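Notes for the structure review
Single-letter residue listing:
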Amino acid sequence: MLKNLFYDVDNSDQLFLAFLEISIFITVAQAFHLASLKYKLPSIFGEILTGIILGPFALGTFLNSIIGLNIFTINNYLLLFSQFSVILLIFAAGLEHGFRSLRSSGLYALLAASIGAILPFVGVYYVMTFFTSKGVALLMGAATGATSLAAVSSIIEGMGIQREKFVKILTSSAAIDDVVSFIILSIALSLIEGIKGGYLGLLKTASFVVISWIIILLVSVLIIPRLLSVVSDNLVVETSLMILFILTVIMITLGFSPIIAAFIAGIAIAESRKAERIKGMVTALLSIFGSIFFVTIGAETNVLSFVNLQVLEIGILITALASILKFVGILPFAFLYTRKMKHAIMTSFGMIPRGEMGLVIASLAFADNIFSQNNLSEVVFMSLLTTVIGGMFFNLSVRKWLSSTQ
């Protein structure tokens, strides 16, 4: 019946088929999202699972053969929506953090975020050079840098511990290590393109990246809020999108990724008095398109690679390195801030989940043919496993601490 209904569909109607595919992906992802809430799991689990199940490496090919149409495929329309989704996600992250939260985080949060991102990057890069090329190793390391609070934010809210001192350094460090990880990503991409001059060339590149970041961020924070203040309310959403595109052009011209422009634009716009209106627009768009990126990651992941012994070994190895080195990098500074070892340990556990940022970097590397299918699967495995490990230990340690205080 369905085959007859779409009998006249040909190559000229691929846009329609892609729209149908995306609609099905969003619907199923939302269903999994509701199920994940019941079991207190991050929503990205359900979204990635949707892509894995319905993707061309699993049920997708089987369903296509039954229907007689290539609905479940990795096509340019799906990839376009996926890029749009990730830009929204990163833009929303910048809006949520804002420059004030970065500025007011304090020295200990800054040090915790920096060391907590640099240690996993360096450690994973060094170890992975024994197994793969330096380019892959660099982006593997970069993917382990940033913390995702998606796994623990629901626990923080559900337990009513938002005002606790250790939660403040946890959220502040997570906000700052996004910035640090983006700088690491920028340096890693520059290194992959090739640098002459050995260590001196590396120092020049790192200095250029950091200085460029600081200048563009500060100029954006100074100019963009003032620009939005003189724009009428009817045009504030359109103006914010225009700002995003202009920053994207500037950052690409300087050799940075467009997602970095999205993050800086979000931080700058968050300082405007009209930020809440823009947040409402972004939230509405994310409720519809936010899952597409994670679904696409799942669809691009060959489920059979998870039974590949090498993928499992590398996945477990980088998960262990990412978890241990993040914990070690955070713990001393969290202790200096809270002055309590239990609070420092809880903070360190809360910083372990990688989630979104690792997947964003893996997606960029896969799209640029730097990552193989196995490399993508290894980072997906690491992102999911660190989210489970970090969320579980954070949950257990907070519950134990709460029971001891009652």
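Attention here is on the structure that accompanies the text. Worth saying up front: this structure is predicted, and the values here are computed from it rather than measured.

Together, Ile211, Ile215, Val219, Leu222, Ile223, Leu227 and Val230 make up an exposed nonpolar region whose accessible area comes to about 660 Å². Secondary-structure assignment places Ile211 in helix H10 (residues 198-229).

Quick look at the environment of Leu385 now. Counting through the fold element by element, Leu385 comes out in helix H18 (residues 373-405). In sequence terms Leu385 and Ala320 are 65 residues apart; their C-alpha atoms lie 9.5 Å from each other.

Now for the environment of Val28. The topology assignment puts Val28 in helix H2 (residues 14-38). Sequence separation between Val28 and Val295 is 267 residues, and the spatial gap between their C-alpha atoms is 9.8 Å.

Between its first and last C-alpha, helix H17 (residues 356-367) extends 16 Å over 12 residues, near the 16 Å set by a 1.5 Å rise per residue. A large share of H17 lies buried, amounting to nine of its 12 residues. Burial in H17 covers these residues: Met357, Gly358, Leu359, Val360, Ile361, Ala362, Ser363, Leu364 and Ala365. Once H17 ends, the next one or two residues include Asn369, with phi positive near 65°.

Okay, unusual backbone geometry next. At Arg339, a position not held by glycine, the phi torsion is positive, near 65°. Take Arg339: it is sitting in the loop between helix H15 (309-338) and helix H16 (341-350). Under the relative-accessibility criterion, Arg339 is labelled exposed at 55%. Residues other than glycine seldom take positive phi values, yet Asn369 does so here, at roughly 65°.

The rules behind the values
Residues numbered from 1 in each chain as written. Predicted model: local features only at pLDDT ≥ 70, side-chain atom pairs only at ≥ 80, totals over all residues. Heavy atoms only, no water. Patch = residues over 30% accessible without salt bridge, like charges linked within 9 Å, V, L, I, M, F, W, Y side chains within 5 Å. Areas by Shrake-Rupley, 256 points an atom, 1.4 Å probe, with all protein chains shown as cover. Salt bridge = Lys/Arg side-chain N within 4 Å of Asp/Glu carboxyl O. Helix = DSSP H or I, 4+ residues; strand = E, 2+ residues; numbered from the N terminus. Expected span 1.5 Å × (residues − 1). Buried < 20%, exposed > 50% of the residue type's maximum accessible area, 1.4 Å probe, protein only.

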